[in-house]
Structures are given as structure tokens and as C-alpha cells.
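Secondary and tertiary structure notes
Below are the chains, spelled out letter by letter.
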Amino acid sequence: MLKIKGLKAGVEDNNILKGIDLQVNKGEIHAIMGPNGSGKSTLSSVIAGKEEYEVEGGSIEFDGTSIMDLSPEERAHLGIFLSFQYPVEIPGVSVSNFIKTSINETRKAKGLEPMPAGELLKLMREKMELLDIKKGFLSRSLNQGFSGGEKKRNEIFQLATLAPKLAILDETDSGLDIDALKIVANGINKLRTPENATIVITHYQRLLDYIVPDFVHVLYNGRIVKSGTKELAFELEAKGYDWIIKEVEEQCI
Ligand SMILES: Nc1ncnc2c1ncn2[C@@H]1O[C@H](COP(=O)(O)OP(=O)(O)O)[C@@H](O)[C@H]1O
Ligand SMILES: [Mg+2]
């Protein structure tokens, strides 16, 4: 589904990603971990096509074709979803309206008519039930006065209704309490199908107590320095990042 080769990217003179290789197949959950400042958010932004980063080399293919020249919107319409790290508050726009707009934008890009109201309602109800979302939530103003957990609920709800092929969830370290963490993890587990894939970016090993990733990658200083299975996450939890950093530095000498 996603094939990244030798990806180098940065901002002006600052090289952030220094050659990333990553392959994500459908049905898989990948966790990308690493200390702060290692380039995790940059990687997700570059996959999503955010224009603030300059790609200096390498390739990104999605379903067999290069997406390097596509805008963020075009990538989204192909089925790449990137969660917001800092969700915006939009007074006057309800959760349900926001979901409706997101769904219909995607349909429009595919040349489809807006989803009929009845169908939309059915879809929302189905996903609300799946994710344990209370009815009043739909009429709340987007992110206004939302707790950390509610913001995450909204994000996972959006993910459930849009059903992208590839979800990239960049989980910041701050403000994620254990409830919010569980909402994200449960959502990912429940939305998993053999046809979709998820990349969870996290600084916290704790998130992985609730999601079992198929692969774990450690990003450090713009490179994936170690890849493995969930055992790697346990090892990281026990030994901390210093252990890998030391190993990498020894290899460089
Ligand atoms: N827009 C930007 N402008 C300048 N420097 C940036 C920008 N985005 C990221 N960086 C730098 O790139 C490095 C990696 O950042 P980031 O991808 O946010 O790391 P992480 O998500 O792993 O904490 C950091 O040193 C950060 O300061
Ligand atoms: Mg980050």
C-alpha cells in the first residue's frame, strides 16, 4: 500500500529526514516511535503532503503510483488520512456537520453526489455504536470545550466514518491521559480490517499496551534505526531509548 524509499526531507537548510525506507501493507498496524525531535511528525506531514516541508530525495508510492506531486487534498482523496496534532476549535460547526462535510468532499473528488441524508445518518449511528459515542456528541461544536478524550473520540469518529485506506495517527506526548490513550487504541483495534492500514506515531510505549502493532520502528535523528515486532516496544519500555541511541552511535564510530 505505502512504499517509501530513501526519503529525505527538511525545511530550508535543515535536513530532518535523512533517508527513510518504510513499507506498509494492507491489514498492518505499524508503530513509529522515537525520542522528541527525531522527525516523527515531519515524516507524517511529508506522507500527507504538507507543503511546509521540502522533499530532497527518495520516493513515496501509494497503491503502486507515486504521490510525490500530489497536493494534501489529492492524497486525502486517495485514502490517506492524517490526524490533527492540534485539533482546531470551530464554534458553530457541529461534529455531525464536520463529518458530513468531510465525507462529501471525498465523494465530490470521486465524482459522486453528496451522501443521501438517510444513509449518512445510518453510517453515523453505526459508527457511534461501534465506538461507544453518546448521542449528544454529534451536536456539540467542533472541539469547543472538548476534553482530551473527547477530541480523540471526534478524531476516531471521523476516521471511522471516512474509512481511509491508510490512517496516520500522530499522537503527541502532551495532554494524552490514559482515557484518551484508550479511546485511540480501542478505535484503532475496532476499525482494523484486512483492507486498511494504520501508522501510529507515538513517543509513549504505553499506547502499545492497548494496540498490538505488527511492526515497530524506531526513528532517531531522521533515520529508522531499528525495526522489529511488538517485542521491540517491550524492549524499549524496559531499556529506554538510550539503549538504541548508544547502539547507533557505536555503529557510527
Ligand atoms: N516547520 C519546521 N521548521 C523548522 N524546523 C522544524 C520544522 N518542523 C520540524 N522541525 C525540526 O525537525 C526536527 C524533527 O521534528 P519533528 O518531526 O516534530 O519531531 P518529532 O515529531 O519526532 O518530535 C526537530 O529538530 C524540529 O525542530
Ligand atoms: Mg511529533
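Provided above is the structure to which this section pertains.
Reference entry: report on the structure contained in this document.

About the criteria used
Residues numbered from 1 in each chain as written. Chains lettered and ligands numbered in written order. Predicted model: local features only at pLDDT ≥ 70, side-chain atom pairs only at ≥ 80, totals over all residues. Pairing = 2+ DSSP bridges. Helix = DSSP H or I, 4+ residues; strand = E, 2+ residues; numbered from the N terminus. Axes fitted to C-alpha atoms, helices over the stretch in contact; angles between N-to-C directions. Contact = placed C-beta atoms within 7 Å. Near = placed C-beta within 6 Å. Nonpolar A, V, L, I, M, F, W, Y, C, P; charged D, E, K, R; others polar. Buried ≥ 20, exposed ≤ 12 C-beta atoms within 10 Å, placed from the backbone. Left-handed = near helix turned anticlockwise from the far one by under 90°.

Pairing in this open sheet of six strands is mixed, and the strands run β6-β9-β10-β3-β11-β12 from one edge to the other. In the strand order of this sheet, the two ends are held by β6 (80-82) and β12 (223-228), each with one partner. Recorded for the sheet is a direction-independent mean angle of 20 degrees between the axes of neighbouring strands. Bridge analysis of strand β3 (residues 29-33) against strand β10 (residues 197-202) gives five bridges, and the strand direction is parallel. Within β10, the position partnered with A31 by the bridge is V200. Contacts between helix α8 (residues 241-252) and the sheet are confined to β11 (215-220) and β12, with β11 contributing the most and set at about 65 degrees to the helix.

What follows covers the site of ligand 1. Within the structure, ligand 1 sits among V11, N14, I16, G34, N36, G37, S38, G39, K40, S41, T42 and E52. Across the shell around ligand 1, the residue classes tally to two nonpolar, eight polar and two charged.

The subject of this paragraph is the pairing of β3. Remember that side chains alternate between the two faces of the sheet whenever the strand is regular. With five of five residues buried, β3 is to be regarded as a mostly interior element. By the alternation rule, side chains of β3 split into I29, A31 and M33 and H30 and I32, which are all buried. As paired elements, β3 and β11 share four bridges and run parallel to each other. Of the residues in β11, the one forming a bridge with H30 is F215.

Here we take up the packing of helix α3 (residues 95-109) against helix α5 (residues 148-162). For the pair α3 and α5, interaxial distance at closest approach is 10 Å and the crossing angle is 35 degrees. Taken as a pair, α3 and α5 cross one another with a handedness that is right-handed. For the pair α3 and α5, the contacting residues are V95, I99, S102, I103 and T106 in the first and N154, F157, Q158, T161 and L162 in the second. Grouping the constituent residues of the contact of α3 with α5 by class yields five nonpolar, five polar and no charged.

Quick look at the sheet that holds strand β4 (residues 54-62) now. Judged by pairing direction, the sheet is antiparallel, and its four strands sit side by side in the order β2-β1-β4-β5 without closing on themselves. Two strands bound the open sheet, and with one partner strand each, they are β2 (14-24) and β5 (65-66). Bridging between β4 and β5 involves two bridges; their strand directions are antiparallel. Along β5, the bridge assignment pairs F62 with T65. Relative to β2, helix α1 (residues 40-48) is tilted by about 70 degrees, and along the sheet it contacts β1 (2-11), β2 and β4.

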